[in-house]
Amino acid sequence: MRLHLLAHAATGASRAARFPRDEPLDAGGRRTAGELAGRLREPDLLWCAPPARCRETTALALPGRQPDGDAPTGPDPGAWAGRSPADLAAEDPAALQAWMTDAEAGPPHGESLRALVDRVAGWMDGLPGEERSVGLAVVDPPVVRAAVAHALGAGPAGAWRVDVAPLTLAVLTRRGGRWNLRSLGCAPPIREPDPDRPH
């Protein structure tokens, strides 16, 4: 299968580099998500993460298409929701440093990077789909990073090395139970003919 992972469009939190709450897209995010309408390949299967920012991106980019199921949510920021790393660095630098360097460390009452990568890997490996099917999941940027790290066998540390801006598109392929990274960049263009699919 070919799995397209689309990071949601911009929110106030993503522009301010804050840990997210469940908030909608901002005006610029709504505009850029809407510009994708008609430009994304129609997927065989569509998944959307539950947060409002992902649902709104899906509705604007693929109008009229209902998701077939839920995609993984981003990591639970716990007590850090709505906070910026700069604020946390001044308030509790040791906790922030641990979160950035130790895959087992998470925000207070939140989720660690290792738990996120394991959760995303489990979802990916359990996806249905025929060899030539195309799936699209609209998710939070950390889910894209975790998915790429899983595909590359890079582990949680590899997720830190993947930059994912709003509307980044990762394309992963699965053959014989193994994931590979096909491309990573801004979405789209992805309406070109697909040599792996019959016409």
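Residue positions are given per chain, counting from 1 as you read along its sequence in written order. Reporting of local features is limited, given that this is a predicted model, to residues whose pLDDT is at least 70; pairs of side-chain atoms are given and counted only at 80 or more, and all residues count toward the totals for whole chains, interfaces and linings. To get the side-chain values, all heavy atoms of the structure are used, and hydrogens and water are removed first.

Asker: Provide a residue-level description of the overall build of the chain, including the pertinent values.
Answerer: In DSSP terms, a helix is any run of H or I states spanning at least four residues, a strand is any run of E spanning at least two, and both are numbered starting from the N terminus. Broken down by element type, the chain carries 8 helices and 6 strands. If you list the helices and strands of the chain from N to C, you get β-α-α-β-α-β-α-α-α-β-α-α-β-β. Taking the principal axes of the C-alpha coordinates as reference, the chain spans close to 55 × 40 × 25 Å. For every residue, the accessible area (1.4 Å probe, protein chains only) is compared with the maximum for its type, and the residue is labelled buried under 20%, exposed over 50%, or partly exposed between those bounds. Within the span of the chain, comprising 199 residues, buried residues form 47% of the whole.

Asker: Break down the pairing of strand E4 (residues 134-139) for me, with residues and values.
Answerer: With 6 of its 6 residues buried, E4 lies for the most part within the structure. Note on pairing: DSSP must find at least two bridges between two strands before they are called paired. In this structure, strand E1 (residues 2-7) lies alongside E4, joined through 6 bridges in parallel fashion. The partner of Leu6 across the bridge, within E4, is Val138. With 4 bridges joining them, strand E2 (residues 45-48) and E4 adopt parallel strand pairing. Residue Trp47 lies in a different strand from E4, and its bridge partner there is Ala137.

Asker: Describe the sheet that holds strand E3 (residues 69-70), listing the residues and the values that go with them.
Answerer: Taken in spatial order, the 6 strands make up an open sheet running E3-E2-E4-E1-E5-E6, and their pairing is mixed. Sheet topology places E3 and strand E6 (178-186) at the edges, where each strand pairs with a single neighbour. Two elements, E1 and strand E5 (residues 168-175), share 5 bridges in a ladder whose sense is antiparallel. Looking at E5, one finds that Leu3 is bridged to Leu172. Only heavy atoms enter the contact rule, under which two residues are in contact if any of them lie within 4.5 Å. Under this scheme, a helix contributes an axis fitted over its contacting stretch, all axes are lines through C-alpha atoms, and angles between N-to-C directions fall in the 0 to 180 degree range. Here helix H7 (residues 141-152) sits on the sheet in contact with E1, E4, E5 and E6, set at roughly 135° to E6.

Asker: Now, about the packing of helix H6 (residues 113-125) against H7: what can you tell me, with residues and values included?
Answerer: Close contact between H6 and H7 brings their axes to 9 Å; oriented N to C, the two are set at 70°. On the basis of the axis angle, H6 is roughly perpendicular to H7. Between H6, through Leu116, Val117, Val120, Ala121, Met124 and Asp125, and H7, the contact on the second element is made entirely by Pro142, Val143, Ala146, Ala147 and His150. Gly counts as polar in this scheme, as do all residues outside two lists: the nonpolar Ala, Val, Leu, Ile, Met, Phe, Trp, Tyr, Cys and Pro, and the charged Asp, Glu, Lys and Arg. Looking at the contact of H6 with H7 residue by residue, the classes come out as 9 nonpolar, 1 polar and 1 charged. Roughly parallel covers angles under 35 degrees, roughly antiparallel covers those over 145, roughly perpendicular covers 65 to 115, and oblique covers all other angles.

Asker: Go over the pattern of salt bridges with me, naming the residues and quoting the values.
Answerer: Whenever a carboxyl oxygen of Asp or Glu lies within 4 Å of a side-chain nitrogen of Lys or Arg, that contact is scored as a salt bridge. Evaluated as defined, the whole model comprises 8 salt bridges. The salt bridge involving Arg15 is made with Asp26; its shortest N-O contact spans 2.5 Å. Here Arg15, found in helix H1 (residues 12-16), pairs with Asp26, found in the loop between H1 and helix H2 (27-34); they are 11 residues apart in sequence, far enough to count as distant. Note that Glu35 is salt-bridged to Arg31, the shortest N-O span being 3.1 Å. Using a relative accessible area of 43% as the deciding quantity, one classes Glu35 as partly exposed. Connected through salt bridges with shared partners, the residues Glu42, Arg65 and Asp68 form a single ionic network.

Asker: Would you mind going over the environment of Ala16 in detail, with residue names and values included?
Answerer: If you trace the backbone, Ala16 turns up in helix H1. Each C-alpha atom, one on Ala16 and one on Gly82, is 9.8 Å from the other, the two residues being 66 residues apart in sequence.

Asker: Run through the packing of aromatic side chains, naming residues and quoting values.
Answerer: Pairing of aromatic rings covers Phe, Tyr and the six-membered ring of Trp, with a centre-to-centre limit of 6.5 Å; geometry is then stacked below 30 degrees between planes, edge-to-face above 60, and tilted otherwise. Scanning the entire structure with this criterion turns up 5 aromatic pairs. Ring centres of Phe19 and Trp99 lie 5.2 Å apart, and the angle between their planes is 65°; on these two criteria the pair is classed as edge-to-face. Placement of Phe19 in the loop between H1 and H2 and of Trp99 in helix H5 (residues 93-101) is noted, with a sequence separation of 80 residues between them. Here the two residues Phe19 and Trp99 agree in accessibility, since each one is buried.

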